[in-house]
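Residue-level structure breakdown
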Amino acid sequence: METLHYLALGFGVALQPENLMFALMGCFIGTLIGALPGLGPANGVAILIPLAFTLGLKPETALIMLTAVYAGAMYGGRISSILLNIPGDEPAMMTCLDGYPMARNGKAAEALAISAIASFMGSLIATVGLILLAPLLARFALTFGPAEYFALFVLAFATLGGITGKNPMKTLMAAAIGLIIATVGIDLSTGTQRYTFGVLELYEGVDFIIAIVGLFAVSELLFFIEEKAGKGREMIKVNPLKLKWREILSIFPTSIRGGVLGFIAGVLPGAGASLGSFITYTLEKKIVGQKGYFGEGDPRGVAAPESGNNGASSGALVPMLTLGVPGSGTTAVLLAMLVSLNITPGPLMFTQNAELVWGVIAALLVGNFILLLLNIPLVGVFVKILSVPPMYLLPIVTMVAFVGIYSISHSTFDLDFMIAFGVAGYILRKLEIPLVPVILGLLLGPEMEKNLRHAMQISDGDWSILWSSPLSIGLWLVAIIGLVLPVIVGPILRRRMQAAKEKVG
Amino acid sequence: MSKLNDRVFGLVMLAVAVAYYYGATQFPVPFGGSEAVGPETFPKILGVVLAICSLYMIVKPDPDNPWPAARTFVELGVAVVVLILYALLLEPLGFIIATTLAIGTLCWRMGAKPLRAYLTGLISGIVVFVLFTYGLELPLPLGLLEMS
């Protein structure tokens, strides 16, 4: 078994004391980031990238830490859902439905423990799925030529808005904006200056880390100021934990179903964690039927969406690692980390950087156990930090973002650039133009153009090479479906999710 | 409901798309003669895509999200100005002083009491400074405090 051999190699990397320490740190920070409302996982990981850089960490260590943050954020999202009735991040929305009522019935500790166990199961199942599926997909992806890659990038943008996305044209526009920003700088293959206007700082192009941190962190601060949400909300007190084995066992079937479904939703383009947790919750409600009391604090209603969204977040790593094409905001940010470490993501990574890839996968397994251990006894610590009002927290987060960017280049120009991106991000969000495609465009722009050029060189200028193989035709078809489907199915799904959200109210 | 936002943004982006496309036509021909796909091809495609999206936004705009009231707008402006000043003064004033002022002002404007706000700025500034300079050995500028 080749996979087992690689996995052993991965554990060798993940269990090195230094990596283990950073995984632990990442898990802790990640849970915090997930728990704090308004500091989503993508945002949190983005702020930490410059720090991981300036620390001069080895690539695998940096990536292990950020993956741990990513996994932790998915765990953390549930804490504020249950205690505050505000989802810490979007996928945690469904957890509010039964988590908050459970907490109100004086079972906050039980809800937190059950959701931690369900998160653990979901992640575990999905990580096993990742281990099985990723090498296969990577081997398959080796057959891709430049034309297929170009089509794949188009597909990634087309499906990024997701089936629930509101306006596919706005997703496309966001992607175009990102790609356009990516063309600024000196063209690598000919040395032509493009859109630099003679400004020295623009010669090397726009650093996407600055753009990401600005778009996420600074625009978030502006939104909080606008909503005057500085004071925070009333929180439910946590009772002492009384959990019987029988109760834990009773959520096992739910968690297993949730994990599998979530994983599938995570791997598929255009689905993602929010849809994953929504589907698992709805399905669980159907399966349990009249016997359950969903919406009034049913433990299975807490377990289902949590296992679903954790499963989906591990599943989303599959396309990111094997194809270099992320399907969600946070995996896009993780990809940014890889690119800036000079590692080309994609199928070759599995052979050329086997230690890194398998180290990260093993770290995901290890991190999962760490997270379970962190989340049951230490939940009180996280609850304490959650009670810090945003009016102190957000400025401090902004400061950390400043320090991170400053420590990369020691340049005031970069900081001003980041603020400009923050203001732009605020305006785009007001217009409901999604930010993730902008970032993905910035990241994938150079690769996309390179593949287009390669393809055209092979065909000697004949554009039809882009849709000449069955594989590329298939990819184009999926891309078109990805753009058209939201227009047809989107309104229905959105209305259902909206109805669920209103119940949270 | 007004649909002005999308229309205006669409127009602006259309202008950007046209300028961007025009910019691509002005690139010098690369050394060794032009190829089928040169440095200008990809930008040209992007310009067209952006133009189509902009036109769609102008023709079929979504309803507006409400913009904040005038007072909140001022608050947002203050926040942006504070951030810009923070960036500019980081080196001359030094990290700790600049952070105290910037973070303090932000906390205060977000609703904290002034004293507690600036105290938060001071403490977080010192903690991060010590952590970075001694813990991670990444010195941050001391600025005015350097002499003492």
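Everything quoted here is computed from the prediction, not taken from an experiment. (Residues numbered from 1 in each chain as written. Chains lettered and ligands numbered in written order. Predicted model: local features only at pLDDT ≥ 70, side-chain atom pairs only at ≥ 80, totals over all residues.)

Counting its secondary structure elements, chain B contains 5 helices and 0 strands. Its C-alpha radius of gyration of 24 Å places chain B more than 25% over the 15 Å reference for a compact globule of 148 residues. Along the first, second and third principal axes, the C-alpha atoms of chain B reach 65 × 55 × 20 Å. In chain B, which comprises 148 residues, the share counted as buried stands at 32%. Across chain B, the fraction of contacts at a sequence separation of at least 24, relative to all contacts at a separation of at least 6, is 60%. (Helix = DSSP H or I, 4+ residues; strand = E, 2+ residues; numbered from the N terminus. Rg over C-alpha atoms; globule rule 2.2 N^0.38 Å. Buried ≥ 20, exposed ≤ 12 C-beta atoms within 10 Å, placed from the backbone. Contact = placed C-beta atoms within 7 Å.)

A tally of regular secondary structure across chain A gives 22 helices and 2 strands. For a compact globule of 505 residues, the expected C-alpha radius of gyration is about 23 Å, and chain A comes in at 22 Å, within 12% of that figure. Seen through its principal axes, chain A has C-alpha atoms that stretch 70 × 50 × 50 Å. In chain A, which comprises 505 residues, the proportion classed as buried is 61%. Across chain A, contacts joining residues at least 24 apart in sequence account for 81% of those joining residues at least 6 apart.

We now examine the nonpolar core. The biggest cluster of nonpolar side chains holds 215 residues, and the ones touching the most others in it are Leu66, Ile212, Val213 and Ile439 of chain A. When residues in this core are grouped by element, the largest group, 25 residues, is from helix H5 (residues 93-141) of chain A. Counting contributing residues, this core receives three or more from each of domain 1 (4-59) and domain 2 (70-146) of chain B. Those residues in contact with Ile212 of chain A that lie beyond four places of it in its chain are Ala46, Val333, Ala336 and Ile439 of chain A. (Core = buried A, V, L, I, M, F, W, Y, C linked by C-beta atoms within 7 Å. Domains from an automatic or database assignment.)

For the rest of this paragraph, the subject is the confidence of the model for chain A. Mean pLDDT for chain A: 84, with 95% of residues reaching 70 or above. Looking at the elements of chain A, mean pLDDT is at its lowest for helix H22 (residues 490-504) of chain A, recorded as 71, and at its highest for helix H19 (residues 412-430) of chain A, recorded as 91. (pLDDT = per-residue confidence, 0-100.)

Further remarks concern the interface of chain B and chain A. Each partner contributes residues to the interface: chain B has 48 residues there, and chain A has 48 residues. Broken down by secondary-structure element, the contributors of at least two residues to the side of chain B that touches chain A are helix H1 (4-25), helix H2 (41-59), helix H3 (70-93), helix H4 (95-109) and helix H5 (114-135) of chain B. Here the side of chain B that touches chain A takes 12 residues from H3 of chain B, the largest share from any one element. When the residues that make up the side of chain B that touches chain A are grouped by side-chain class, the tally is 35 nonpolar, 9 polar and 4 charged. (Nonpolar A, V, L, I, M, F, W, Y, C, P; charged D, E, K, R; others polar.)

This next bit is on the domain arrangement of chain B. Each domain of chain B was delimited in the assignment, giving domain 1 (4-59) and domain 2 (70-146). One C-alpha centre belongs to domain 1 of chain B, the other to domain 2 of chain B, and the line joining them spans 40 Å.

Let us look at the packing of H4 of chain B against H5 of chain B. Residue and element names in this part refer to chain B. Where H4 contacts H5, the two axes come as close as 7 Å, and the packing angle between them is 140 degrees. As summarised for this structure, H4 and H5 are arranged oblique, according to the angle between their axes. When the axes of H4 and H5 are compared, the crossing they make is right-handed. Here Phe95, Ile96, Thr99, Thr100, Leu101, Ile103, Gly104, Cys107 and Trp108 of H4 come into contact with H5, specifically with Pro114, Ala117, Tyr118, Thr120, Gly121, Leu122, Ser124, Gly125, Ile126 and Phe129. Its residues placed into classes, the contact of H4 with H5 shows 12 nonpolar, 7 polar and no charged. (Axes fitted to C-alpha atoms, helices over the stretch in contact; angles between N-to-C directions. Parallel < 35°, antiparallel > 145°, perpendicular 65-115°, else oblique. Left-handed = near helix turned anticlockwise from the far one by under 90°.)

Before going further, it helps to spend a moment on the packing of H5 of chain A against helix H16 (residues 354-375) of chain A. Residue and element names in this part refer to chain A. Where H5 contacts H16, the axes come no closer than 10 Å and their chain directions differ by 175 degrees. By the angle between their directions, the pair H5 and H16 is classed as roughly antiparallel. Between H5 and H16, the residues in contact are Ala116, Phe120, Ser123, Leu124, Thr127, Leu130 and Ile131 and Ile361, Leu364, Leu365, Asn368, Leu371, Leu372 and Asn375, respectively. Its residues placed into classes, the contact of H5 with H16 shows 10 nonpolar, 4 polar and no charged.

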